[in-house]
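As a plain string of letters, each chain reads:
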Amino acid sequence: MNHLERDEITMEASVDRGEHHNLVIVSNRLPIVLSKSRKQKWTVNLGSGGLVTALAPVLRDRGGTWVGWPGTAEGDTQEVNTLLQKHNKSIGYKLKPVHLTNSEIENYYKGFSNETIWPLFHDLIDHCKFKPEYWEAYQKVNKKFAAAVKETINDDDFIWIHDYHLISLISYLRKMGVKNKIGFFLHIPFPPTDIYTRLPWREEILDSLLEYDLIGFQTPRDRRNFIISVRTLVDDPEITGKGQVISIKRKSKVLRAGVFPISIDANEFANLAKTPEVRDKTWYLHENFPDQKLLLGVDRLDYTKGIPERLRAYRHAMRTYPELHGKLTFVQVVVPSRRDIYKYDALKMEIERLVSEINGEFSADGWVPIHYMYRSLSRSELSSYYSAAEIAIVTPLKDGMNLVAKEYCASNIEEQGVLILSEFAGTAAQMKTGAILVNPHDTVACAEAIFQAVHMSAEERKTRMRKLRRNIRRYDIFWWVESFLESAFSTDLGSFPVVADYNPLTDSG
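The text that follows walks through the structure, step by step, so that each part is easy to find. Sequence order as written defines the numbering, with residues in each chain counted from 1. Two thresholds apply to this predicted model, a pLDDT of at least 70 for residue-level local features and 80 or more for giving and counting side-chain atom pairs, whereas whole-chain, interface and lining totals are computed over all residues. For side-chain calculations, the full set of non-hydrogen atoms in the structure is used, while hydrogens and water are omitted.

1. Let's talk about the packing of helix 7 (residues 202–209) against helix 8 (residues 220–233)
Between helix 7 and helix 8, the shortest axis-to-axis distance is 11 Å and the interhelical angle comes to 115°. Like other packed secondary-structure pairs, helix 7 and helix 8 cross with a definite hand, here left-handed. Facing helix 7, whose interface residues are Arg 202, Leu 206 and Leu 209, helix 8 presents Phe 226, Ser 229, Val 230 and Leu 233. As a working rule, the residues Ala, Val, Leu, Ile, Met, Phe, Trp, Tyr, Cys and Pro are called nonpolar, Asp, Glu, Lys and Arg charged, and the rest polar, with Gly in that last group. Within the contact of helix 7 with helix 8, the residues separate by chemical class into five nonpolar, one polar and one charged. To obtain each axis, a line is fitted to C-alpha atoms, and for helices this fit is confined to the stretch in contact; angles are then taken between N-to-C directions over 0 to 180 degrees. Only DSSP runs of H or I with at least four residues qualify as helices, and only runs of E with at least two residues qualify as strands; both kinds are numbered from the N terminus onward. The hand of a helix crossing depends on one turn: near helix anticlockwise from the far one by less than a right angle means left-handed, and clockwise means right-handed. Two residues form a contact once any of their heavy atoms are found within 4.5 Å.

2. Notes on the nonpolar core
Ranked by internal contacts, the top residues of the largest apolar core, which has 96 residues, are Val 26, Phe 145, Ile 161, Leu 209, Tyr 212, Phe 226 and Tyr 314. Examining the composition of this core, we find that nine residues originate from one element, helix 4 (residues 132–152), more than from any other. Side-chain atoms within 4.5 Å link the members of a nonpolar core, which is a set of buried Ala, Val, Leu, Ile, Met, Phe, Trp, Tyr and Cys residues. Relative accessible area decides the class of each residue, using a 1.4 Å probe on protein chains only: under 20% of the type maximum gives buried, over 50% gives exposed, and in between gives partly exposed.

3. Points about the side chain of Thr 72
Secondary-structure assignment places Thr 72 in the loop between strand 4 (64–69) and helix 2 (77–91). Note on Thr 72: relative accessible area 7%, which makes it buried.

4. Examining the sheet that holds strand 9 (residues 238–240)
Pairing between strands is defined by DSSP: at least two bridges between the two strands are required. Ordered in space as 5-4-1-6-7-8-11-10-9, the nine strands form an open sheet in which the pairing is mixed. What marks the edges here is a single partner per strand, and that holds for strand 5 (94–97) and strand 9. Going from strand to strand, the sheet's axes swing by 20° on average, the running direction of each strand aside. Alignment of strand 8 (residues 214–217) against strand 11 (residues 253–259), held across four bridges, turns out to be parallel. Residue pairing for strand 11: Leu 214 is matched across the bridge by Arg 256. Strand contacts of helix 4: strand 1 (23–29), strand 4, strand 5 and strand 6 (158–162), with the helix running at about 160° to strand 4, the strand carrying the most contacts. Contacts from helix 18 (residues 477–488) reach strand 1, strand 6, strand 7 (182–185), strand 8, strand 10 (245–250) and strand 11 within the one sheet, and its direction differs from that of strand 6 by about 125°.

5. Overview of the sheet that holds strand 17 (residues 436–438)
Two orientations exist for strands paired in a sheet by backbone hydrogen bonds: parallel and antiparallel. A sheet is described by the order of its strands in space; here six strands give the open sequence 14-13-12-15-16-17, paired in parallel fashion. Strands with a single pairing partner mark the edges of an open sheet, and in this sheet they are strand 14 (370–374) and strand 17. The mean angle between the axes of side-by-side strands here comes to 20°, regardless of whether they run parallel or antiparallel. By the bridge criterion, three bridges tie strand 16 (residues 418–422) to strand 17 in an arrangement that is parallel. The residue bridging Leu 421 from the neighbouring strand is Leu 437, located in strand 17.

See the structure below:
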């Protein structure tokens, strides 16, 4: 079922989908990729992420604006503005750039966003830096974003703010007199209270979150952690309701807190896997690894992804189950990220050391146990690896959702793949009935899961994968957008019809 076929949804009269309101999307980055050639000529390409795929058509249909940083450094402001004005005409909606100085990039983006909030919200306290100058820059940039949003909105526009970079944005919008309905979606986890309270600016961040009209979380666990923090740190909150969306009342302000697991365009991935180009590449991979099963890992370079732990689990499997030698090849793709941050460079060196050690210990004539790639893959390359791999291993230490797991299942059109999934990935709440769930810190259990996946019967593989694919098709990226906007514009705090009809967290497919 795709987003055009959802005749099962019967909306009550009390629900306004916001179809008559323009949409203003605000995220740290604009949905484009800007690049400059050696001849100093700029090119603009539309981003390919799930958020762009889902929201670009909505913006074109309703009319709207996307506000964000273009990803360029100071000095290119005028050129970029001119370029984006020309590009607006071709994409069908407006792009509103927020330009950052080098100091702001350093302290707001690399600093508070990625060295404070990112590790804290992923329960990795040892990676956190609580620097006052980071917090000051975060406030300054959120205020700068607020000024850009205020310049572009009309009174009845719905403002939808995305992710941890811009939590404080609403506080500045309200101080500037903006009275529009404003929603916020947190793409990363929300931490347990004992972790969250380590943040020196915990009250300020929580106060900002409580100012939104609707907050979306990835999982019930994230919302539960948020509610416990509210109960712990806020005087007498009134919390009512149950299910996907609940209400939190503080004084005269009502916030709705909902669970909206983000997803992918499942049909797009399935169709891509059927193309001649991908089928040819898939066949080539099978030819390149004859009589072997492929174990696939695809991750952005980040310490939350559990890549070293996964490599150690694979090494343990090779030591414990020698019958796997020459029969199982681990293909690990690591996509470069944040290369100028020391901890990421150190992580890259650790991964490469482990790969070298494992290959040195187990390689034999005609077989290398790990094929390691440190680069981005094209969409067709990625699809061919998804299609060729008998097993995917997605084992982050903590993740808001993890769309690689969903992309792998959507691409598995023959329904013979096996997914090994961390119980700490947000995806686990939806995919627990079909995946093999593991604790990524448990080396022995992860090795056993690899062995189980290799020897799983064809019938069990099909049963598991069919459940996974059915769930992903039903609760795709378009469901995510629809359910969030329908909840945002409901006029009845106790009635969210979309929740009654669809619940990806309990639906077994």
